[in-house]
Amino acid sequence: MIDFDREKGRVSIRGVPYLLIQPTTLLGFQKAAEASGAAAGEWLATGGRAGGRKSSQRLRELSAKQGREFAQDYLSMGREIGWGVFEVTRFEGRTFEVVVAGSPFAEGYGASSRPVCHFIRGVIAGLGDTLFGEAECEEVECAAAGAPRCRFVCRDRIHA
C-alpha cells in the first residue's frame, strides 16, 4: 500500500502523502516540550487529528464502507506504517473503541504514570471527525502506563 516516488522523494498511502520518521524523533520533541511545562500532549493530538481527518476523508471518498467496517479499514493503515496493530473492538451508535498493540510511541516513551500516545489519539479523533462531524477521543489505557495494550474511546462530541 505504500507508494514510493523516488524521483520526487515522496511517500504516499492511498493517495495521501506521508513522512517516515523515527519514533524517537517525535518522542524527543514530546519529552522536551513536557519538560518545559508545555501542553505537548495536546499539541501532538492536534497534529494527529489534522492528519487523521485528512487521510480518513480521502479514504472515505474512495470507499463504499461505512461505520465499523470503514473505521477498521482506515485504521489498518496503522500496521502498514509501523504504528502497531489497530483493532476496532466496539462500534455502537456514535461511539467506538480502538485498541492498539505494539504502539511505538508507548514502547519508545518508556514507563509513565499517564497515557502518552497523543499522536494516535489525535489520529483516531480525526477519524471520528470524519464519521461524526466533531469527535472527542481519550486514551483510557496505555502500555507505557502498564496496560497490556493502548485503548482509546472516541465519541461524537455534539450528538453523544
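First things first, this report covers the structure right here in the doc. The residue count restarts for each chain, going from 1 along the sequence in the order it is written. Side-chain atom pairs in this predicted model are given and counted only at pLDDT of 80 or more, local residue features only at pLDDT of at least 70, and totals for whole chains, interfaces and linings cover all residues. Side-chain descriptors were evaluated using all non-hydrogen atoms of the structure, hydrogens and water having been removed beforehand.

Some details on the side chain of glutamate 139
Link 1 in the chain: Assignment of secondary structure puts glutamate 139 in strand β6 (residues 135–141).
Link 2 in the chain: Per-residue accessibility, obtained with a 1.4 Å probe over protein chains only, is compared with the maximum for each type, and a residue is labelled buried under 20%, exposed over 50%, and partly exposed between these values. When charges are counted, neither His nor the chain ends are considered; positive counts come from Lys and Arg and negative counts from Asp and Glu. The rule for a salt bridge is simple: a side-chain nitrogen of Lys or Arg has to be within 4 Å of a carboxyl oxygen of Asp or Glu. The side chain of glutamate 139 is buried and forms no salt bridge, while arginine 121, the nearest opposite charge, is found at 5.5 Å.
Link 3 in the chain: Polar contact is the term for a pair of N or O atoms within 3.5 Å; when the atoms are in protein, one must be able to donate a hydrogen and the other to accept it, and sequence-neighboring residues count only if both atoms are side-chain atoms. Engagement of the side chain of glutamate 139 in a polar contact is seen with the backbone nitrogen of cysteine 117, the distance being 3.0 Å.
Link 4 in the chain: In this analysis, two residues are considered to be in contact whenever any of their non-hydrogen atoms come within 4.5 Å of each other. Not counting the four nearest positions on each side in its chain, glutamate 139 is found in contact with Pro115, Val116, Cys117, His118, Arg121, Cys150, Arg151 and Phe152. Numbered from the N terminus, helices here are DSSP runs of H or I no shorter than four residues, and strands are runs of E no shorter than two.

Quick word on helix α1 (residues 23–35)
Link 1 in the chain: Residue count minus one, scaled by 1.5 Å, sets the expected span of a helix. When the terminal C-alpha atoms of α1 are compared, their 18 Å separation across 13 residues agrees well with the 18 Å that a helix rising 1.5 Å per residue should span.
Link 2 in the chain: Along α1, the residues classified as buried are Leu26, Leu27, Gln30, Ala33 and Glu34. Across the axial projection of α1, the buried residues extend over an arc of 125°, all falling on one side. Along α1, the residues that are exposed and aim more than 90 degrees away from the buried face are Thr24 and Ala35.
Link 3 in the chain: Buried residues in α1 make contact with α2 (40–62), α5 (104–109) and α6 (118–132).
Link 4 in the chain: Positive phi shows up at glycine 37, right after α1, with a value of about 90°. Read the arc as the range of directions from the helix axis to the C-beta atoms.

Comments concerning the side chain of histidine 118
Link 1 in the chain: Considering the arrangement of structural elements, one finds histidine 118 in helix α6.
Link 2 in the chain: In terms of polar contacts, histidine 118 uses its side chain to reach the side chain of arginine 121, at 3.2 Å.

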